Amino acid sequence: MNKFLDRLHAGAPLVSDGATGTNYQLMGLGLGVPPEEWVFDEPQNVLALHRAFVDAGSDIILTCTFGGTRVRMRDSKYADCAPELNRRAAQLAREAAREPVLVAGSMGPTGMLMEPFGELTHDAAVETFAEQAAALTDGGADFLLIETMFALEEAMAAIEGAKRASNLPLAVSFSYDQGTRTMMGLRPSQVVEAIVPLGVAAVGANCGKTLDAMALVLDEMRASILSGSDTAPSKDERVPIWIKPNAGLPRMNGDVAEYDVTPEMMGEYAARFVQAGAQIVGGCCGNSAEHVAAIARAVSRHVNK
């Protein structure tokens, strides 16, 4: 069995990590510089953030490859090195992940709209995601995380590409940045109905607007999963839910994005998310190692009640 699947089947809640880009900015990443470039330019900083999340209690850390598809890297100075960058990012995460911490190969959207709304074709999307999935697998990821999706067509292409290039389990997470809908108008129930039958290991939500909106997203996802067959599935058959919200919405203080949700608030909501049915909880934009530590403490208290 795959380590990620083993942990999911064990049933205990898992804590994911916090933000990459917003923490890199506090560490000196320049405005407009893709975080992925630090995989080659500042590998010690990449390792340092991974290790900070591991020390804070993360069971899962994400590779620094959210924008690592060749399509999204087209304006980067490393545009011709997408496979090498993804492979190296997975190796760095693997180096930082002490047993039994898991490495998720992060695969974010391409930044382009797919036909008929934009220029990206289905075949081109599948190809770029397949290339990224192969490199993350070669670098040592335990599973692949297709995250922050907003369009069903692109998520489907990412799943097809990942399955073509890798045998690793897939988790798929959408961003409901319109509250309880994605930018393309998708509801959580629509995502569950389309994605779960494809055999994914977990389905979820990340980023978003507010913690209260994320709670509503979680409730709708769970209800859709439970009603996905004529009889409610047994506990062992339910697809686990992944929840990784922002620390609120950013306020700009000069060039620095500041977030209002404190570590204590994030921990409180993480426990509520687990109580409501999430098996994996973590933090997206604005979540520091301190936020992750608060999440880990809250989840531990919930489990040991």
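Fair warning: this is a prediction, and the values are worked out from it, not measured in the lab.

**Student:** Any chance you could break down the overall build of the chain for me, citing the residues and the numbers?
**Tutor:** A count of helices and strands for the chain gives 11 helices and 10 strands. Here the chain has a C-alpha radius of gyration of 18 Å; the compact-globule value for 305 residues is 19 Å, and the two agree. In terms of principal-axis extent, the alpha carbons of the chain reach across some 50 × 40 × 40 Å. Taken across its 305 residues, the chain has 55% of its residues classed as buried. In the chain, the share of contacts with a sequence separation of at least 24, taken over all contacts with a separation of at least 6, comes to 76%. For the chain, the computed accessible surface area is about 12,900 Å², with 51% contributed by carbon and sulfur atoms.

**Student:** I'd like a description of a nonpolar patch on the surface, backed by residues and values.
**Tutor:** A surface patch of nonpolar side chains, amounting to about 380 Å² of accessible area, comprises Leu 113, Phe 117, Met 183 and Met 184. Within the secondary structure layout, Met 183 lies in the loop between strand 5 (170-174) and helix 8 (188-195). Among the residues examined, Met 183 registers a relative accessible area of 44% and is labelled partly exposed.

**Student:** So what's going on with the nonpolar core? Which residues, and what values?
**Tutor:** Ranked by internal contacts, the top residues of the largest apolar core, which has 81 residues, are Ile 61, Phe 174, Ile 243, Phe 273 and Val 281. If we skip the residues at most four places from it in the chain, Val 281 touches Leu 14, Val 15, Ser 16, Ile 243, Ala 270, Phe 273, Val 274, Ile 295 and Val 299. Residues Leu 14, Leu 102, Ala 201 and Trp 242 belong to the second largest nonpolar core, which totals 14 residues.

**Student:** Provide a residue-level description of the pattern of salt bridges, including the pertinent values.
**Tutor:** On inspection of all chains with the given rule, the structure shows 12 salt bridges. Among the salt bridges present, the one from Lys 77 reaches Asp 41, with a minimum N-O distance of 2.8 Å. In this pair, Lys 77 sits in the loop between strand 2 (60-62) and helix 5 (82-96) while Asp 41 sits in helix 3 (residues 38-41), placing the two residues 36 residues apart along the sequence. One network of salt bridges, in which partners are shared, links Arg 251, Glu 258 and Asp 260.

**Student:** Can you break down the environment of Arg 297 residue by residue, with the values?
**Tutor:** The residue Arg 297 is located in helix 11 (residues 289-303) in this model. Spatially, the C-alpha atoms of Arg 297 and Ala 271 are 9.3 Å apart, while their sequence positions differ by 26 residues.

**Student:** How would you summarise the sheet that holds strand 3 (residues 102-107) if you had to cite specific residues and measurements?
**Tutor:** If you trace the 8 strands from one edge of the open sheet to the other, you get 1-10-7-6-5-4-3-2, paired in parallel fashion. Edge strands, defined here as strands with exactly one partner in the open sheet, are strand 1 (14-15) and strand 2. With 2 bridges connecting them, strand 1 and strand 10 (residues 280-281) associate as parallel partners. In the strand pairing of strand 10, Val 15 is matched with Val 281. Across the sheet, helix 1 (residues 3-10) is in contact with strand 1, strand 2, strand 3, strand 4 (143-149) and strand 10; its angle to strand 3 comes to roughly 110°.

**Student:** Give me the state of the cysteines: which residues, what numbers.
**Tutor:** Disulfides are covalent bonds that link the sulfur atoms of two cysteine residues. Counting across every chain of the model gives 0 disulfides. For the unlinked cysteine Cys 284, the closest cysteine sulfur is that of Cys 285, found at 4.2 Å. Cysteine Cys 285 is unpaired, with the sulfur of Cys 207 as its nearest cysteine sulfur at 4.1 Å.

Definitions and cut-offs
Residues numbered from 1 in each chain as written. Predicted model: local features only at pLDDT ≥ 70, side-chain atom pairs only at ≥ 80, totals over all residues. Heavy atoms only, no water. Helix = DSSP H or I, 4+ residues; strand = E, 2+ residues; numbered from the N terminus. Rg over C-alpha atoms; globule rule 2.2 N^0.38 Å. Buried < 20%, exposed > 50% of the residue type's maximum accessible area, 1.4 Å probe, protein only. Contact = heavy atoms within 4.5 Å. Areas by Shrake-Rupley, 256 points an atom, 1.4 Å probe, with all protein chains shown as cover. Patch = residues over 30% accessible without salt bridge, like charges linked within 9 Å, V, L, I, M, F, W, Y side chains within 5 Å. Salt bridge = Lys/Arg side-chain N within 4 Å of Asp/Glu carboxyl O. Core = buried A, V, L, I, M, F, W, Y, C linked by side-chain atoms within 4.5 Å. Pairing = 2+ DSSP bridges. Axes fitted to C-alpha atoms, helices over the stretch in contact; angles between N-to-C directions. Disulfide = S-S within 2.5 Å.

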